[in-house]
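Working through the structure, step by step
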Amino acid sequence: AKHEGKNGVRTFQPVMGSETAERMTLEQDLREALNRQELTLHYQGQFDAHTQALLGFEALVRWAHPTQGLLPPMKFIPVAESSGLIVPLGAWVLQEACRQAAAWNAQGQNLTISVNVSALQFEDPAFLPAVQAALDASGLNPHLLILELTESAVLNNPEAAAQQFIRLKALGVRIALDDFGIGQSNLSLLRRLPVDILKIDRSFVQDHREAPEDAGEVYIGVMINLAHGLNLRVTAEGVESSEQLSLLEELGCDSIQGFLLARPLPPDDAAATFGTRGPP
Ligand code: C2E
Ligand code: CA
Ligand code: CA
Ligand code: CA
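The shown structure was predicted, so the numbers you read here are calculated from the model rather than taken from an experiment.

**Topic: the environment of Ala106**
For Ala106, the location among the structural elements is in helix H3 (residues 86-106). Judged by relative accessible area, Ala106 falls into the exposed class, the value being 70%. For the pair formed by Ala106 and Leu140, sequence separation is 34 residues and the distance between their alpha carbons is 9.4 Å.

**Examining the pattern of salt bridges**
The final tally for this structure, using the stated rule, is 8 salt bridges. Between Arg31 and Glu27 there is a salt bridge whose closest N-O contact spans 3.0 Å. Placement of the pair is Arg31 and Glu27 together in helix H1 (residues 18-36), with a separation of 4 residues, close to one helical turn. Between Glu159 and Arg192 there is a salt bridge; the shortest N-O distance is 3.0 Å.

**With respect to the side chain of Ser255**
The topology assignment puts Ser255 in strand E11 (residues 255-256). Overall, Ser255 belongs to the buried group, its relative accessible area being 5%. Those residues in contact with Ser255 that sit more than four places away from it in its chain are Phe47, Ala49, Leu55, Arg233, Val234, Thr235 and Ala236.

The rules behind these values
- Residues numbered from 1 in each chain as written.
- Chains lettered and ligands numbered in written order.
- Predicted model: local features only at pLDDT ≥ 70, side-chain atom pairs only at ≥ 80, totals over all residues.
- Heavy atoms only, no water.
- Helix = DSSP H or I, 4+ residues; strand = E, 2+ residues; numbered from the N terminus.
- Buried < 20%, exposed > 50% of the residue type's maximum accessible area, 1.4 Å probe, protein only.
- Salt bridge = Lys/Arg side-chain N within 4 Å of Asp/Glu carboxyl O.
- Contact = heavy atoms within 4.5 Å.

Have a look at this one:
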């Protein structure tokens with residue numbers, strides 16, 4: 001339990017719940033992980049829905065934990081968010097993803113790099129300078145950097161978000177609305193925000209798998225038509241079967257991401273897929 005110390009400082013007593021203790025250990029470990037460079041990025045290919053050519057990658061953070069192995073983001077991003085560590089962590093991800101993409105492009109590729117941005121990171125005053133710094137340090141063409149934000153990240157304050165989007169777009173970067181369709185998706189949000197790409201959440205894509213007659217198909221079609229009507233590109237995530245792929249292609253989806261075409265891979269394995277195509 002927490003107790004107020006003499007000077008109002010909270011001290012933690014040994015009776016503290018084990019969940020809280022675990023969380024604090026994780027937070028301390030994560031702080032050190034950032035300094036020790038235990039974080040690493042995996043890269044999942046994004047492909048043209050029609051030609052299946054590789055267009056770029058989404059960078060997905062992992063933590064090479066000294067004792068627990070490779071941890072997925074769900075194990076530490078929430079702690080990073082609640083502790084504020086998401087700001088330096090997110091800055092590192094931006095820096096590293098841009099560096100890697102620029103290095104690949106210097107070898108003759110012309111790949112986009114998509115980077116996930118948390119709500120708290122987006123709202124932090126250090127965010128815009130961090131984007132600028134990552135672009136400057138890497139020399140990456142800003143148009144090839146895609147920032148992925150969820151609707152929930154912008155819903156807190158759509159007006160402020162719109163202003164921030166305009167500043168980001170002035171740097172030349174593009175913005176994707178991630179997990180589209182599952183939140184409080186509303187049309188006025190899309191009207192107000194200068195977004196470039198809609199990413200259809202995988203729950204819509206995968207609905208279809210077990211129930212071909214499912215209305216998921218209708219929603220996907222509506223989302224694609226809406227996006228195209230607004231001059232946005234559409235990426236579908238979570239594509240696991242060739243049936244899903246052909247349906248999405250038929251419905252006019254622009255880009256495809258999912259285990260069918262590529263899993264998230266360490267940089268060298270990702271680079272080994274250059275010039276190859278996903279399954280037909
Ligand atoms: P997301 O942005 O929706 O990323 C896609 C997630 O779906 C990834 O999980 C990816 O491995 C997984 N995925 C891709 N294709 C398929 C598929 O065909 N089927 C299935 N079942 N899953 C697929 P991952 O890497 O565990 O990341 C989970 C979430 O963690 C991401 O969801 C994103 O919200 C967050 N995240 C990842 N990297 C970062 C980061 O650098 N910063 C921040 N703030 N969040 C991150
Ligand atoms: Ca994403
Ligand atoms: Ca997503
Ligand atoms: Ca998702």
